[in-house]
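# Close look at the chain arrangement
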Amino acid sequence: MTARTLEQSPVHHQGADVPPAGPGAGDGGSGGGGGILADPARLGLWLFLGTITMLFIGFTSAYIARRASAGWGGELTPPPLLWVNTLLLLASSVTVEGARRRLRRWQPGVAAWLGATGALGLLFVAGQVAVWRSLVARGVLLAASAHNSFFYLLTGLHVVHLLGALVWFLVVLAKARRLRYTPGQDGLGLFATFWHFLGGLWVYLFLLLFVF
Amino acid sequence: MATHAAHAEHAHAPQAFIWKYVFSKDHKVIGIQYYVTAMLMALVAGLLAMLIRVQLAWPEKDYTWLGKIFPMGYDVGGGFGVMRPEFYAMLFTMHGTIMVFFVLSTAPVSGFGNLLIPLQVGARDMAFPFLNGLSYWTFLPGCLVILASFFVESGAAAGGWTSYPPLSALKGAVPGSGTGQTMWIIGMVFFIASFTMGGLNFVTTILNLRTKGLSMFRLPLTMWAMFLVAILGLLAFPALVAACIMLVFDRHYGTSFFIPAQIALNNVPLLTQAGTPLHQGGSPLLWQHLFWFLGHPEVYILMLPALGFTSDILSTFSRRPIFGYKSMVLAMCGIGFLSFIVWGHHMFVSGMSPYLGMAFAVGTILIAVPSAVKVFNWLATLYRSRIRFTTPMLWAMGVISLFISGGLSGVWLAQAGPDIHLHDTMFVAAHFHLIMAGAALFGVFGATAYWFPKMFGRLMSEPLGKVHFWFTFITYYGTFFPMHYIGIAGHMRRIYDPYQYEFLKPLQPINELITMSALILGASQIIFFVNFFWSAFKGKKAGENPWEANGLEWTTQSPPPHGNWPGEIPEVHRWPYEYSNPDAPRDHVMQHEPAGAAAGH
Ligand code: HEM
Ligand SMILES: [Cu+2]
């Protein structure tokens, strides 16, 4: 992130010719603090994940409160396609790690593994749309019960986040293809963190909506 | 590679006007943009307050002339104009919304936060300058949407700044529940998005970009306030986003998150064609919980910066180290933490288990402890000091005064018993205007006078500043103190004509007094705007350190150049409160002066 380049804090002074600490670099940090405190971009990302988490905690508390009153419904069961989508998304977390490992070892194939990640992500989105359409066709409507409402709302919001991640993905892909990443740099790692987070969030939402 | 880019970028500050002053990535420009925008919004919200006050004092007068300016607001017929009740609701709703979010969350936090954070932590800019610029350009459309909502056909939102359902959830409930409420939601989403971008920047910059030697416990208290405020914002606003999303679904897609079954619109029950309730099981209380989970931390988002400014200004002008620095930090952390677990005190009469109410009451009263710590520390800082009565110092002492008087009524309201009597009366309006609105506003004025050199390189006029302070201070109390009495006497808030009730008629003279005071208060703000613009262009040149203060921002030019320090960034050797150290050669030692300076070698 060139965003960081203006500053000259001691943390970076000492590490001026060492690349920012990525998971691979693991320099333990010097000066002001190691790990996450040595990398503004990573800290910013984690803070951002914190706010998204709070957003879904807000929805969760609403979900729990709302479940106790009338009009909840609750007869909605997960359509089989939803399991497939879940597997697709989890697989994409594996492929993005594959890309990272190749980059770290400076092996070829980074772009291919990344491409697989993006494709799986797109398939997931398409799969979610298919789930909604089949449910609507079956007469499972948004306003018919509060459980339905939460289902569409939460899955929809998750897809919105995923689409945002896919835009970021395009940037990452372009940089990877033009060899803009060197092993020490962690733009890909940041993206991977966000991507894993969305995978984890999906599993959580799945459990919330259908298991708990 | 990164460092090369740094030097290149540093050397070639943008030259074109549009990149330098409009779409700037420089934190100082962005801070000033935020500040000026917020102050213009304050003008609007202040004018709305004047309309509110005029109506409350003389609802029976002829307002034909106002009807000409606000055609949708007044019924003019037969040569006589009266305010429409729904217009009054729009007035206080938009007044509250604009003041809380677009003025007093913005000017101190986004305005002074952006201006001061890199200067006080010793960084060349914020951690993510592009995101910073983007955040302002997300904020501005939010302002425009909010302002534009007055001009849509059915008028602005009218459900209060809290936007409780069902007024906010049923599009047909009152005129403002239609397009106006939609625009309220859109404006808020823009605001929250921009505030979130700012928050990410604040926390990251303060944690990551501190200069050498500047440990967290050497930060000025203003920086601690900004740090905590950013965290509060990042953690609390998502709850309101969640609530707004559900509200949109209720409004437009027929869901029942907040709308219960037993509900009627214009006395007609809302039913489906089959005769069953249109909505089922939704709970307006759910909105209240989500709203206040944000709402209470939000009032500390307004207040904490003012408390930070006050500490720094107080120390500078009493020429004393701030008393109990670490306890100040702890107190702010404590306030920040407690603010997340007390939201229920806004809902004592909404219906909740008495045991839960008790828990919320106890939590709320606990906040008095860190608050008192701060007040005693301030008083101890002042005690037997040689005060320099500059304009910023007057404002800082004003903050302390308001913080005490507003805090005392807070202890009443914190308990469910008294609150059942006082809830939704003018007593509450008095309380929050003193502690939240007043303290934050005075903090902004103080900070403006204090850091004006770092904005424009000049000092504000002291005589004008003092006149402005005394007028504001006296009329502020004149406006809001009597509201306690009429509130206890039963004068409810959010009512366009209190005198439709026999028992409120005797209160009219007090309301007239309040309004006169409010009108003077409003008019006195002209002094500020004149002073601001005059001083920005014609004020006395400030020099680097006009107040003989210690922070890093005073080690560079006024205004600081692009990149903040022309040469190396200074290193830090001490905290910023080294005043009147008997061992030092001067009465103050700046943060960047090496150890020898303090010992007097
Ligand atoms: C110029 C000085 C001000 C005057 C004369 C003034 C006057 C008033 C009055 C009379 C009300 C009560 C209206 C009613 O309930 O019927 C009110 C409401 C309110 N004011 Fe102010 N105010 C001023 C400044 C501020 C500031 C600086 C803030 C900043 C936080 C603020 C925030 C609010 C809020 C949140 C409400 C509640 C709105 C609602 O009920 O939804 N006010 N104001
Ligand atoms: Cu509160």
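On a predicted model such as this, the values are computed, not experimentally measured, just so you know.

## Here we look at the coordination of the iron atom of ligand 1
Residues and elements named next belong to chain B. Those protein atoms acting as donors to the iron atom of ligand 1 are His95 (NE2) and His433 (NE2), and they sit at 2.0 Å. Taken together, the six donor atoms coordinating the iron atom of ligand 1 and their angles of 86 to 179° define a geometry best described as octahedral. Remark: His433 occurs in helix 15 (residues 426-456) and His95 occurs in helix 5 (residues 85-103); sequence separation between them is 338 residues. Assigned by exposure class, His95 and His433 land together as buried.

## Points about the confidence of the model for chain B
All names here are of chain B. Per-residue pLDDT for chain B has a mean of 93; in total, 97% of the residues score no lower than 70. Predicted confidence for residues 1-11 stays below pLDDT 50, and this span has 16 contacts to residues more than four positions away or in other chains. Note on the complex model: pTM 0.92, ipTM 0.93.

## Some words on the site of ligand 1
All names here are of chain B. With respect to spatial proximity, 24 residues lie near ligand 1, and among them Tyr88, His95, Trp161, His433 and Arg494 are the closest. Contact distances for ligand 1 include 2.8 Å between a nitrogen atom and a side-chain N or O atom of His95. With respect to ligand 1, the backbone of Arg494 contributes an N or O atom lying 2.6 Å from an oxygen atom. Elements supplying a minimum of two residues to the shell around ligand 1: helix 3 (27-57), helix 5, helix 15, helix 16 (462-488) and helix 17 (508-538). Here the shell around ligand 1 gets six residues from one element, more than from any other, and that element is helix 5. Counted by class, the shell around ligand 1 contains 17 nonpolar, four polar and three charged residues.

## Some points on the environment of B:Leu134
Residue and element names in this part refer to chain B. Along the chain, Leu134 falls in helix 7 (residues 129-148). Owing to a relative accessible area of 39%, Leu134 belongs among the partly exposed residues under this scheme. Residues Leu134 and Thr182, 48 residues apart in the sequence, show an inter-C-alpha distance of 24 Å.

What counts, and at which threshold
Residues numbered from 1 in each chain as written. Chains lettered and ligands numbered in written order. Predicted model: local features only at pLDDT ≥ 70, side-chain atom pairs only at ≥ 80, totals over all residues. Heavy atoms only, no water. Donors = N, O, S within 2.8 Å, 3.2 Å for Na, K, Ca; no water. Tetrahedral: all angles 85-135°; square planar, octahedral: opposite > 155°, others 65-115°. Helix = DSSP H or I, 4+ residues; strand = E, 2+ residues; numbered from the N terminus. Buried < 20%, exposed > 50% of the residue type's maximum accessible area, 1.4 Å probe, protein only. pLDDT = per-residue confidence, 0-100. Contact = heavy atoms within 4.5 Å. Near = heavy atom within 4 Å. Polar contact = N/O pair within 3.5 Å; in protein donor to acceptor, adjacent residues only side chain to side chain. Nonpolar A, V, L, I, M, F, W, Y, C, P; charged D, E, K, R; others polar.

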